[in-house]
Amino acid sequence: MPADAALIQITDAALAESYARAGHWMACKPGCHPCCIGVFPITSLDAARLREALATGNPETATRIRERSAESRARLSRDFPGDARTGELFTAPHHEAAFEDFANDEPCPVLDPVTGTCDLYAARPIACRTFGPPMPNAEGGLAVCELCFVGAPASEVARCAVDAHFLDIEAEAVTQHEALTGARGLTLIAFALSGG
């Protein structure tokens, strides 16, 4: 996935610049994982990256991830806001509204419950990579982890904002991936890794 490799490199560089500017304002560190609780949509490209890492990683770790993913999928399937059989989110108009309050307490199946770290960190989705530092949001403001920038003035938050130009590159990479593979739509990590 050459387009994905370029996307990851550009994304990680933008995040590194933001982290360097933020310094002590960033609370993110190994074992800090409130952002790993609650589900969020991932692209078909994120799902493919995770599946590739799972297939080529440590077999014992992969078995644990698959087990946690299957358990999570079973819990999530009943009220899944999409097609629970395929794992595609938002297949009907009312699904996006239903997602607002969906599974906000569900731990990510890739989160190691003992260490509080990500078992597929190098392959994590773009949303995981960008959570924490100030990121532009749809409302024109900046979204930031509630544990970061505590007590910081708005000017400091703005100074540390991520240059999110990589989001356009992500959209292009996802479009290319979907054209090449036939995969489409958004899903959840549990559905991407549980094998259907």
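Here, the structure is the one placed above.
Residues numbered from 1 in each chain as written. Predicted model: local features only at pLDDT ≥ 70, side-chain atom pairs only at ≥ 80, totals over all residues. Heavy atoms only, no water.

**Q** An account of the overall build of the chain is requested, with residue identities and associated values reported.
**A** Scanning the chain from terminus to terminus reveals 8 helices and 4 strands. On C-alpha atoms alone, the chain measures out to a radius of gyration of 17 Å, which is about the 16 Å that the 2.2 N^0.38 rule sets for 196 residues. Each principal axis of the C-alpha distribution contributes one length, and for the chain these read about 45 × 40 × 35 Å. Once local pairs closer than 6 in sequence are excluded, the contacts in the chain between residues at least 24 apart make up 77%. In the structure as shown, the chain presents an accessible area of about 10500 Å², 56% of it carried by carbon and sulfur atoms. For the chain, the distance from the average site of its 15 positive side-chain charges to the average site of its 26 negative ones is 5 Å. (Helix = DSSP H or I, 4+ residues; strand = E, 2+ residues; numbered from the N terminus. Rg over C-alpha atoms; globule rule 2.2 N^0.38 Å. Contact = heavy atoms within 4.5 Å. Areas by Shrake-Rupley, 256 points an atom, 1.4 Å probe, with all protein chains shown as cover. Lys, Arg positive; Asp, Glu negative; His and termini not counted. Charge placed at Lys NZ, Arg CZ, Asp CG, Glu CD.)

**Q** Any details on the packing of aromatic side chains? Residues and values, ideally.
**A** The tally for this structure, following the rule as stated, stands at 5 aromatic pairs. A centroid spacing of 5.4 Å and a plane angle of 85° characterise the contact between Phe90 and Phe99, whose relative ring orientation is edge-to-face. Owing to a relative accessible area of 22%, Phe90 belongs among the partly exposed residues under this scheme. On the basis of relative accessibility, which here comes to 12%, the residue Phe99 falls in the buried class. (Phe/Tyr/Trp six-rings, centres within 6.5 Å; stacked < 30°, edge-to-face > 60°. Buried < 20%, exposed > 50% of the residue type's maximum accessible area, 1.4 Å probe, protein only.)

**Q** How would you sum up the pattern of salt bridges? Please name residues and give values.
**A** Working definition: two side chains of opposite charge can pair if their charged atoms are close together. The full count for this structure, using the stated rule, is 9 salt bridges. When the shortest N-O distance is used, the salt bridge between Arg49 and Asp4 registers 2.7 Å. On the criterion of sequence distance, the pair formed by Arg49 in helix H2 (residues 44-56) and Asp4 in helix H1 (residues 2-22) is long-range, its members being 45 residues apart. With respect to burial, Arg49 and Asp4 carry one shared label: buried. (Salt bridge = Lys/Arg side-chain N within 4 Å of Asp/Glu carboxyl O.)

**Q** Just give me the short version of the side chain of Arg73, but keep the residues and values in it.
**A** The topology assignment puts Arg73 in helix H3 (residues 59-77). Of the side chains with opposite charge, Asp83 comes closest to the buried, unpaired Arg73, at an N-O distance of 7.1 Å. Within polar-contact distance, the side chain of Arg73 engages the backbone oxygen of Arg85 at 3.0 Å. (Polar contact = N/O pair within 3.5 Å; in protein donor to acceptor, adjacent residues only side chain to side chain.)

**Q** I'd like a rundown of the side chain of Asp4, residues and numbers included.
**A** The exposure class assigned to Asp4 is buried, which follows from its relative accessible area of 5%. In this view, Asp4 contacts Leu45 and Arg49; residues no more than four positions away in its chain are not counted.

**Q** Any chance you could break down the state of the cysteines for me, citing the residues and the numbers?
**A** By definition, a disulfide links two cysteine residues through a covalent bond between their sulfur atoms. Scanning the model with the defined rule gives 0 disulfides in all. For Cys32, which is in no disulfide, the shortest distance to another cysteine sulfur is to Cys28 and amounts to 5.9 Å. What makes Cys32 partly exposed here is its relative accessible area of 26%. Here Cys108 stays free of any disulfide, with the sulfur of Cys36 as its closest cysteine sulfur at 6.1 Å. (Disulfide = S-S within 2.5 Å.)

**Q** Outline the environment of Ile169, listing residues and values.
**A** Mapped onto the fold, Ile169 is located in helix H7 (residues 166-181). In this structure the C-alpha to C-alpha distance between Ile169 and Thr11, which are 158 residues apart in sequence, comes to 9.2 Å. If near-sequence neighbours (up to four positions away) are discounted, Ile169 is found in contact with Leu7 and Ile10.

**Q** So what's going on with the layout of surface pockets? Which residues, and what values?
**A** The probe, sized like a water molecule, is rolled over the atoms to show the empty space still left. There is about 190 Å³ of room inside the second largest pocket. Ala47, Arg51, Thr86, Arg184 and Thr187 are, among the 13 residues lining the second largest pocket, the residues nearest its centre. The set of elements that each furnish at least two residues to the lining of the second largest pocket consists of H2 and helix H8 (189-193). At 3 residues, the largest contribution of residues to the lining of the second largest pocket is made by H2. For the lining of the second largest pocket, a count of residues per class yields 5 nonpolar, 5 polar and 3 charged. (1 Å grid on protein atoms, 1.4 Å probe; cavity = no way out; pocket = protein on both sides within 12 Å on 5 of 7 lines; lining within 4 Å. Points joined across faces, edges and corners; volume = space filled by probe spheres on them. Nonpolar A, V, L, I, M, F, W, Y, C, P; charged D, E, K, R; others polar.)

**Q** Summarise H2; cite the residues concerned and give the values.
**A** Compared with the 18 Å implied by 1.5 Å per residue over 13 residues, the 18 Å span of H2 between its first and last C-alpha is a close match. For H2, the set of buried residues is Ser44, Leu45, Asp46, Ala47, Ala48, Arg49, Leu50 and Leu54. (Expected span 1.5 Å × (residues − 1).)

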